[in-house]
Amino acid sequence: MKAPIEQWMTFLHPDQLGLVRRNWSGPARISGPAGTGKTVVGLHRSAHLAQRTTGRVLYVTFAKNLPRVQSTFLKTMSPAVSARVDFRSLHQWAQEFLRERGVDVRLNGDKAETAFSLAWKHVGRGSPLAEIDPAPLYWREEIDHVIKGRGITSFEEYAAVRRVRRRAALRRVHREAVWVLHETYEELRRARGVHDFNDVLSMALAEVEKREPPTPVYGAVIVDEVQDLSLVGVRLLHSLVGDTPNGLLLIGDGQQAVYPGGFRLSDAGIDIRGDRGQVLRVNYRNSEEILQAALAVVADDAFEDIDGLRTPGRRDVELTYHDGKVLRSVRPTVTEHDRDLVDSIRTLSADRVGDAAVLCPSTRAINHYHRLLTRAGIPVCALERYDGNPVAAVKLGSYRRAKGLEFKHVYLPRHDELVSAGPAPLETTPERRQLARSQLFVAMTRARDLLWLGSVRSG
């Protein structure tokens, strides 16, 4: 408890040892609410399998910062086997695999974005889609997460697909307009000779399915935060090991999904039966006070997990830690709010600063608080550069980048601005607000000892 937070993040409760060592007859899944130790089980499971399999172990997440942190943790925990576990983000692994196979990868996000902007200008903004949302972002996400993320190749398939976690109702005329936008984007993208991130995964899946050397041989694949992957991404990872015993382990929680869209395991051809689906129900991280504050944000947001079950937003868990506190700061101006934030962080002793994190919902907010903390003389470490080693600096990053991590002290400045109630002029607004609440929930549940919630309210 007193050691740096990095030691806490690798501590395996004795009650979970059996789960780490269990033999599964095929693909398995570990789920459970925030704070129940899913990631630490996966980390110890990777060390266990590395000692007992002939092939290498692949540990995959969606976020690109987590593999670096988890690799450091495993080197500290089990240095003898750490070299046999490959920690990668999904897209990083796919690009490396394609290059090894001699496949030309021309990933260029900027040029792909330009192609989409032109497609929206030519066929999108004057279409029926503008009736639902005149901004292009929602429709870019529709193509990324629903069409290309699911590997859909025909309008008939798209017209019939159930759009998991997408709440805006699309009539046939809207789906036809989306398909025209998609086809126009693809034409413009190909004309520029570039790939987008979804293309990389689809290309990697096609290469793996060829089953020609030198396809990498893995003894096991562990997927953390699986709910944030696309359907194509899950199919790709499943194809590496198939249904072999102890081959595929999926770890995640649908309530903590922070990206649009979704899928069901059945869509990926993955069958988890009997005891191959384990639900953790003991929260080791959050006190009652912190957990209830977080649950209040998502209490009304029922969610569909990747098993297809509808689950209420407020779930019961057993708590083991009771010392965490919530501190709220409500000020009439941003200046006074920011002063409170700095004053609160300054109460931390030098040896505790590295256990704290300031988390923000946007890049703009991150830049603002980086300037604020730096000017106040508070050392800052960007989560993008954090490698899992203790550092005497406050971690600073986005809600999304905090996934899979824990901190003793979490500060959430102006935390309620994106989720506050108000008019919903667009059909897509409720969906966006629910996604913002999910992201805030993830950020709040990162806190162990202190959760600082800042708000700016006049009057």
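Residues numbered from 1 in each chain as written. Predicted model: local features only at pLDDT ≥ 70, side-chain atom pairs only at ≥ 80, totals over all residues. Heavy atoms only, no water.

Draft legend 1. The pattern of salt bridges, seen in detail. Scanning the entire structure with this criterion turns up 36 salt bridges. Here Arg189 ties to Glu186 by a salt bridge, and the two come within 2.9 Å at their closest N and O atoms. In this pair, Arg189 and Glu186 are both assigned in helix α10 (residues 172-191), 3 residues apart and thus about one turn of the helix distant. Of the residues examined, Glu186 reaches a relative accessible area of 9% and is grouped as buried. (Salt bridge = Lys/Arg side-chain N within 4 Å of Asp/Glu carboxyl O. Helix = DSSP H or I, 4+ residues; strand = E, 2+ residues; numbered from the N terminus. Buried < 20%, exposed > 50% of the residue type's maximum accessible area, 1.4 Å probe, protein only.)

Draft legend 2. Focus on unusual backbone geometry. Of note in the backbone geometry, Arg165 takes a positive phi value of approximately 65° without being a glycine. Of note, Arg165 is situated in the loop between α9 (155-160) and α10.

Draft legend 3. Here's a closer look at the sheet that holds strand β5 (residues 248-251). Ordered by their spatial adjacency, 6 strands build an open sheet running β3-β2-β4-β5-β1-β6, and the pairing between neighbours is parallel. The strands lining the two open edges of the sheet, one partner per strand, are β3 (85-89) and β6 (277-279). The sheet shows a mean angle of 15° between the axes of neighbouring strands, direction not considered. Note: strand β1 (residues 28-31) against β6, 3 bridges, orientation parallel. Pairing of Arg29 across the sheet is with Gly277, part of β6. Set on the sheet, helix α4 (residues 66-77) makes contact with β2 (56-61) and β3; between it and β3 the angle comes to about 160°. Strands β2, β3 and β4 (218-223) of the sheet are contacted by helix α5 (residues 90-100), whose axis makes an angle of about 105° with β3. (Pairing = 2+ DSSP bridges. Axes fitted to C-alpha atoms, helices over the stretch in contact; angles between N-to-C directions. Contact = heavy atoms within 4.5 Å.)

Draft legend 4. Representation of the packing of aromatic side chains in the model. Using the criterion set out here, one finds 8 aromatic pairs in the structure. Ring centres of Tyr59 and Phe87 lie 5.2 Å apart, and the angle between their planes is 40°; on these two criteria the pair is classed as tilted. Here Phe87 lies in strand β3 and Tyr59 lies in strand β2, a separation of 28 residues in the sequence. Across the pair, exposure class does not vary: Tyr59 and Phe87 are buried alike. Taking 6.1 Å as the distance between ring centres and 25° as the angle between the ring planes, the aromatic pair formed by Tyr158 and Trp179 counts as stacked. Here Tyr158 is found in helix α9, whereas its partner Trp179 is found in helix α10, with 21 residues between them in sequence. Comparing Tyr158 with Trp179 shows no difference in burial state: the two are buried. In textbook terms, an aromatic cluster arises when at least three aromatic residues are bridged by ring pairs, as seen for Phe155, Tyr158 and Trp179. Arg166 extends its terminal NZ or CZ atom over the ring of Tyr138, reaching a point 3.8 Å from the ring centre. The ring of Tyr158 has Arg175 lying over it, and the distance from NZ or CZ to the ring centre is 5.5 Å. (Phe/Tyr/Trp six-rings, centres within 6.5 Å; stacked < 30°, edge-to-face > 60°. Lys NZ or Arg CZ within 6 Å of the ring centre and 35° of its normal.)

Everything listed here is a matter of coordinates, which is why it stays silent on function.
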